[in-house]
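# Structure assessment
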Amino acid sequence: MIEHPRPVPTDDDAELFARLRRIQPATLGHHVAGGALSPAIRAVVPVTRMIGRALTVRQPLPDSAPVFRALEALRPGDVLVIDRQGDHFAACVGEMVACAAYHAGAAGIVVDGVVTDIEELRGIGLPVYARGTNVITARMMDQPGGELFGAVNIGGTVVATGDILFGDANGVLRLGGSIFDLNDLIARALADETREVQWRKMLAEGVSLGQLNRLSARDSTNGR
């Protein structure tokens, strides 16, 4: 199994993640081009928010070994991200994998593939995203081909170990860049959500959405 060097955490994410929890991923999505995972990868259990740092696994075979090794490397706050390399038939996550990830402190699981034991996954309470479910599962083979901590392709988006994944019931964003850039994006999203509070009142009063958008465009032109 190939194991790439894992980035060493340098910052405390608590403050940044607390700011992210104040906004919706879709609001931030207005300002992030190409950062969303494919909508084919959706929440398969009830999810309110998922925020964490990616820990990536490439699993080209229906072999449980790479995922088991990744579980041993999980840190609290990690999101286990599994690239099944186009295999959307054999499930690599079920009750035991999700339970192990939950007790390791994982923030969630994202699979470009399928999962199983859906009723049990719902009971665990860990956010899980996947393309669907199946009754055929991976098994312990311990064959070559697995890869840990490298860049993976998840739903058309490249995800690297250490990237921030921010999701809710609508989908998942991958957030890269510096903390400074992220703080700027969050500030813009917070401003959008503050404006939307006023827009809801104005829509209820009969102002059209087109009028509101024209007002917003004019304010942006005037630097307000």
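Fair warning: this is a prediction, and the values are worked out from it, not measured in the lab.

Conventions adopted
Residues numbered from 1 in each chain as written. Predicted model: local features only at pLDDT ≥ 70, side-chain atom pairs only at ≥ 80, totals over all residues. Heavy atoms only, no water. Helix = DSSP H or I, 4+ residues; strand = E, 2+ residues; numbered from the N terminus. Buried < 20%, exposed > 50% of the residue type's maximum accessible area, 1.4 Å probe, protein only. Contact = heavy atoms within 4.5 Å. Lys, Arg positive; Asp, Glu negative; His and termini not counted. Charge placed at Lys NZ, Arg CZ, Asp CG, Glu CD. Salt bridge = Lys/Arg side-chain N within 4 Å of Asp/Glu carboxyl O.

### Concerning the overall build of the chain
Looking only at helices and strands, one finds seven helices and 13 strands in the chain. Here the C-alpha coordinates of the chain stretch approximately 60 × 35 × 30 Å along the principal axes. Counting all 224 residues of the chain, 45% fall into the buried class. For the chain, the proportion of contacts with a sequence separation of at least 24, taken over those separated by at least 6, is 75%. Treating the 22 positive side-chain charges of the chain as one cloud and the 26 negative ones as another, the clouds have centres 8 Å apart.

### With respect to the pattern of salt bridges
The final tally for this structure, using the stated rule, is 11 salt bridges. A salt bridge links Glu 3 to Arg 69; the nearest nitrogen and oxygen atoms lie 3.2 Å apart. In this pair, Glu 3 sits in strand β1 (residues 2-3) while Arg 69 sits in helix α3 (residues 65-73), placing the two residues 66 residues apart along the sequence. Assessed through its relative accessible area of 27%, Arg 69 is described here as partly exposed. When the shortest N-O distance is used, the salt bridge between Arg 122 and Glu 119 registers 2.7 Å. With Arg 122 and Glu 119 both in helix α5 (residues 118-124) and three residues apart, the pair spans about one turn of that helix. Here Arg 122 falls in the partly exposed class, since its relative accessible area comes to 42%. For Glu 119, a relative accessible area of 54% translates into the label exposed.

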